[in-house]
Number of protein chains: 2
Amino acid sequence: MSLPRRVRMVEVGPRDGLQNEPAPVALQDRIALIDRLSAAGLPVIEVASFVSPQAVPQMSDAAAVLSGIKRRPGTTYPVLVPNRKGLEAALAAGATEIAVFGSASETFSQRNINCSIAQSLERFAEVAASALPRGLRIRGYVSCVAGCPYEGAVALEKVAQVAGSLQDLGCYEVSLGDTIGVATAGQIHNLIRRVAERVPREQLAVHFHDTYGQALANILAALEEGISVVDSSVAGLGGCPYAPGASGNAASEDVLYLLNGHGIETGVTLDALVDAGNFICQRLGRQSGSKVARARGAGCASA
Amino acid sequence: MSLPRRVRMVEVGPRDGLQNEPAPVALQDRIALIDRLSAAGLPVIEVASFVSPQAVPQMSDAAAVLSGIKRRPGTTYPVLVPNRKGLEAALAAGATEIAVFGSASETFSQRNINCSIAQSLERFAEVAASALPRGLRIRGYVSCVAGCPYEGAVALEKVAQVAGSLQDLGCYEVSLGDTIGVATAGQIHNLIRRVAERVPREQLAVHFHDTYGQALANILAALEEGISVVDSSVAGLGGCPYAPGASGNAASEDVLYLLNGHGIETGVTLDALVDAGNFICQRLGRQSGSKVARARGAGCASA
């Protein structure tokens, strides 16, 4: 069983993470976090979401985030964009890469973005038609790939369909999100095999939440399936919006520790990443969701 | 890649877990925990340690634990025994299975049990020579299989040697312990392949701590290597004694969730296991170390 020699880590803490933390974080702290993350060598950092600040106060000042960060050569800074209006705002703020967020669950789509899956794909197609000619790259997300908080089980067929549609409309990569963190490794093997019939493995990423403690095992399963792009969130920022108090995203530090253990290249420095996570946890006044960070903080011997 | 169809879960919470919790737990609560664990269907529960109550106050009243529990048919209740004196006390208390605890690290052996590895193996051989003819089964542990808090790296060769010696002296099974939780999955693959040259896979178990968040991924790697006996601790009880505040053992609930996801038989009921974990966490006044337990407590949808 051969794992990828190199993995691209996509850091989603400043967006998916902070968006799901109860307390909004000050603009300058969000900028400082992003700059620390890029200094740690992360190649992709999702930094903001151009959504309504009334609906999502944690993501306000998206333009100020984009203008405030130091852009490190070698790092890209995608922003989430729900529609044409968000796209125009992102472009005006100097975004060079955007992300769109679809779902494999009809009910989740309705409740999360107020439209059917088909309507969301039409909307994203409009966004893409406008964004691609202007030189933007587009990353696609599919949420609820392993289960939906409303519907329960989600058909692999549906995940493959939505992932394929996102690729068709111009996404260079589709990230498969276990939004509620219920998947186990066997399910991930099946999921990727099925989706890979529609979208090549080289264009797939995985995005796992640790709600049931399975994120690292699931990432290992994805690596075994030849996936080489992994989303994670520094300090495990975020949570399960459907279960207040539950764990958030896979912690970037713990993912990097796993990858380092396999000798997989990432270009990311663990020490600097841990520092970035500790910085934001201090600002949030919460314990790190990264066990690596906690073990180091506790003075535990490190391999 | 085929995983085992059936896994034997070895519950170590009442011993390895509670021994490493800062606060000793009342005798009747330890007994109540063990009875809840057996009612959940666990086939093996390590319930006590016959060591000096001065040295390890958390493990005092070992005989009272053994006499207080309801013995469920189908569950065995091993106890840890450091030497002949401990063996006699365990036998007098009605133990039918014992465990001995060796190390693959010379320095750890000296600091943990005050003798060299060779001396510990001689001691265990004496214990075995006295225990086996009296019908006791013996389980062996090797600690520090992936790293030592004092020495750092530990040679695979050394792990294989100690595991082999434990088998030679009569242990029916040898549990490989990543005592400080530093291993990653690739290391586990290599470890098991090397040790399996000396001790057959059917006689090996794994015992992983989650200090660096890797326990579930490491268990998955072990299952992929054909290991079908997994130690874990309900609610992730315990800690890293070398790093106060760090995580403890792999949480039994999270391990069971992983195994259930693969359709692997265990005979253990998740609901009852979560209840047992929540019971002891309430008594300890601490949050569960199981993410499954926390997700359920938070009302998160479950797969």
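Owing to the predicted nature of the structure, the values given are computational and were not obtained by experimental measurement. (Residues numbered from 1 in each chain as written. Chains lettered and ligands numbered in written order. Predicted model: local features only at pLDDT ≥ 70, side-chain atom pairs only at ≥ 80, totals over all residues. Heavy atoms only, no water.)

Undergrad: Just give me the short version of the overall build of chain A, but keep the residues and values in it.
TA: Looking only at helices and strands, chain A has 12 helices and nine strands in total. Taking 303 residues into account, the globule formula puts the C-alpha radius of gyration at 19 Å, and chain A, at 18 Å, falls close to it. Along the first, second and third principal axes, the C-alpha set of chain A runs to 50 × 45 × 35 Å. The 303 residues of chain A split such that 61% are buried. Once local pairs closer than 6 in sequence are excluded, the contacts in chain A between residues at least 24 apart make up 76%. Only carbon and sulfur atoms are counted for the fraction: they give 49% of the accessible area of chain A, which is about 10300 Å². Counting 26 positive and 28 negative side-chain charges, chain A places the centres of these two groups 3 Å from one another. (Helix = DSSP H or I, 4+ residues; strand = E, 2+ residues; numbered from the N terminus. Rg over C-alpha atoms; globule rule 2.2 N^0.38 Å. Buried < 20%, exposed > 50% of the residue type's maximum accessible area, 1.4 Å probe, protein only. Contact = heavy atoms within 4.5 Å. Areas by Shrake-Rupley, 256 points an atom, 1.4 Å probe, with all protein chains shown as cover. Lys, Arg positive; Asp, Glu negative; His and termini not counted. Charge placed at Lys NZ, Arg CZ, Asp CG, Glu CD.)

Undergrad: Now, about the side chain of S175 of chain B: what can you tell me, with residues and values included?
TA: Residue and element names in this part refer to chain B. Assignment of secondary structure puts S175 in strand 7 (residues 173-178). Engagement of the side chain of S175 in a polar contact is seen with the side chain of D231, the distance being 2.8 Å. Those residues within four positions of S175 in sequence are excluded, and the remaining contacts are R139, G140, Y141, V142, A205, V206, H207 and D231. (Polar contact = N/O pair within 3.5 Å; in protein donor to acceptor, adjacent residues only side chain to side chain.)

Undergrad: Describe the packing of aromatic side chains, naming the residues involved and giving the relevant values.
TA: Taken as a whole and assessed by the stated rule, the structure comprises six aromatic pairs over all chains. Their ring planes at 55° and their centres at 5.8 Å tell us that F101 of chain A and Y141 of chain A sit as a pair that is tilted. Of the two residues, F101 of chain A sits in strand 5 (residues 97-103) while Y141 of chain A sits in strand 6 (residues 137-143), which places them 40 residues apart along the sequence. The exposure class of F101 of chain A is partly exposed, given its relative accessible area of 21%. For Y141 of chain A, a relative accessible area of 2% corresponds to the buried category. The ring centre of F279 of chain B lies 4.2 Å from the NZ or CZ of R36 of chain B, which sits over that ring. Just above the ring of Y172 of chain B sits the side chain of R137 of chain B; from NZ or CZ to the centre is 3.8 Å. (Phe/Tyr/Trp six-rings, centres within 6.5 Å; stacked < 30°, edge-to-face > 60°. Lys NZ or Arg CZ within 6 Å of the ring centre and 35° of its normal.)

Undergrad: Now, about the pattern of salt bridges: what can you tell me, with residues and values included?
TA: One pass over the structure, following the stated rule, counts 34 salt bridges over all chains. Note that R194 of chain A and E157 of chain A form a salt bridge whose closest N and O atoms lie 2.4 Å from each other. Taken together, the residues R194 of chain A in helix 8 (residues 185-195) and E157 of chain A in helix 7 (residues 156-168) connect sequence positions 37 residues apart. E88 of chain B is the salt-bridge partner of R134 of chain B, the closest N and O atoms lying 2.8 Å from each other. Highlighted residues: R134 of chain B in the loop between helix 6 (117-131) and strand 6 (137-143) and E88 of chain B in helix 4 (residues 84-92), separated in sequence by 46 residues. With a relative accessible area of 31%, E88 of chain B lands in the partly exposed category. By sharing partners, the salt bridges in this structure join R8, R139, E173 and D231 of chain A into a single network. (Salt bridge = Lys/Arg side-chain N within 4 Å of Asp/Glu carboxyl O.)

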